[in-house]
Amino acid sequence: EAGVTQFPSHSVIEKGQTVTLRCDPISGHDNLYWYRRVMGKEIKFLLHFVKESKQDESGMPNNRFLAERTGGTYSTLKVQPAELEDSGVYFCASSPREGSAKNIQYFGAGTRLSVL
Amino acid sequence: AQKITQTQPGMFVQEKEAVTLDCTYDTSDPSYGLFWYKQPSSGEMIFLIYQGSYDQQNATEGRYSLNFQKARKSANLVISASQLGDSAMYFCAMREGRGGYSTLTFGKGTMLLVSP
């Protein structure tokens, strides 16, 4: 079974440009999460989808960030326009809604975003 | 106040020895879960072990065990018989609340280096 996959693995953009990150969760996982680790800081929660609905977006830093999960499968996180402080590693995680593994969030390898 | 504290920025251990990575947590919620993730140089966050606050026994998964001391609010990870492949960053995380889809709060991580 494929794990959580994220694309691209690394993105380098200039300040003011737009970047879109993609996450494909584990098949059948209704819960999808976005987290971010800024250099030297802890990994921080951004938002949580249950299927296509945003369950919790309290961690989104500002309105330059837009997350979508159309159809309840893969998700995208768009940053527009990107600022220097957006640089960091963006992680996606997914978990099933039921079963013995429902407490476990499985993470992808992350997208390293560098804004110059 | 920090919810998850990992006081060891780095740890060194020789191959085949056991090592303990410290984690203390802070929560007033009676229902919570504690996690350990491993992040090798490839970047992927690998789930290692989970302990629920109501679990009577310490969690174990192969060479990994979680030394859960509820009164002290500590959830240390013990790796027995270290291997070179254990060299990685290790994150302790907590889920608060009864819902299986609650978001995770992470510590800053501990870098473990295993030497031959």
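Note that the coordinates shown come from a computational prediction; the quantities given were computed from them, not determined experimentally.

1. Structural notes on the overall build of chain B
Alright, step 1. Along the backbone of chain B there are zero helices and 12 strands.
Alright, step 2. The globule rule puts the C-alpha radius of gyration for 116 residues at 13 Å, and the 14 Å found for chain B is close to it.
Alright, step 3. Projected onto its principal axes, the C-alpha coordinates of chain B cover approximately 40 × 25 × 25 Å.
Alright, step 4. Across the 116 residues of chain B, 48% fall into the buried class.
Alright, step 5. Considering only residue pairs separated by 6 or more positions, chain B has 55% of its internal contacts joining residues 24 or more positions apart.
Alright, step 6. Of the roughly 5600 Å² that chain B leaves accessible, carbon and sulfur atoms contribute 50%.

2. Let's talk about the pairing of strand 12 (residues 110-115) of chain B
Every other side chain in a regular strand lies on the same face of the sheet, so the side chains alternate between the two faces.
All names here are of chain B.
Alright, step 1. Covered by surrounding structure in strand 12 are T110, L112 and V114 only, the residues M111, L113 and S115 on the alternate face being uncovered.
Alright, step 2. Pairing of strand 10 (residues 88-96) with strand 12, which is carried by three bridges, proceeds in the antiparallel orientation. Each residue of the ladder has a partner; that of A88, found in strand 12, is L112.

3. Quick word on the state of the cysteines
Alright, step 1. For the coordinates displayed, the defined rule picks out two disulfides over all chains.
Alright, step 2. Disulfide pairing is shown between C23(A) and C92(A); the S-S distance is 1.8 Å. Residues C23(A) and C92(A) are joined by a disulfide whose S-S torsion is about -65 degrees; by sign, that bridge is left-handed. Of this pair, C23(A) sits in strand 3 (residues 19-24) while C92(A) sits in strand 9 (residues 88-95), placing them 69 residues apart in sequence.
Alright, step 3. Each sulfur in the disulfide pair C23(B) and C92(B) lies 2.0 Å from the other. On the sign convention where negative means left-handed, the S-S torsion of about -65 degrees between C23(B) and C92(B) marks this disulfide as left-handed. Taken together, the residues C23(B) in the loop between strand 3 (19-21) and strand 4 (24-25) and C92(B) in strand 10 connect sequence positions 69 residues apart. Here C23(B) matches C92(B) in class, with each residue buried.

What counts and how
Residues numbered from 1 in each chain as written. Chains lettered and ligands numbered in written order. Predicted model: local features only at pLDDT ≥ 70, side-chain atom pairs only at ≥ 80, totals over all residues. Heavy atoms only, no water. Helix = DSSP H or I, 4+ residues; strand = E, 2+ residues; numbered from the N terminus. Rg over C-alpha atoms; globule rule 2.2 N^0.38 Å. Buried < 20%, exposed > 50% of the residue type's maximum accessible area, 1.4 Å probe, protein only. Contact = heavy atoms within 4.5 Å. Areas by Shrake-Rupley, 256 points an atom, 1.4 Å probe, with all protein chains shown as cover. Pairing = 2+ DSSP bridges. Disulfide = S-S within 2.5 Å.

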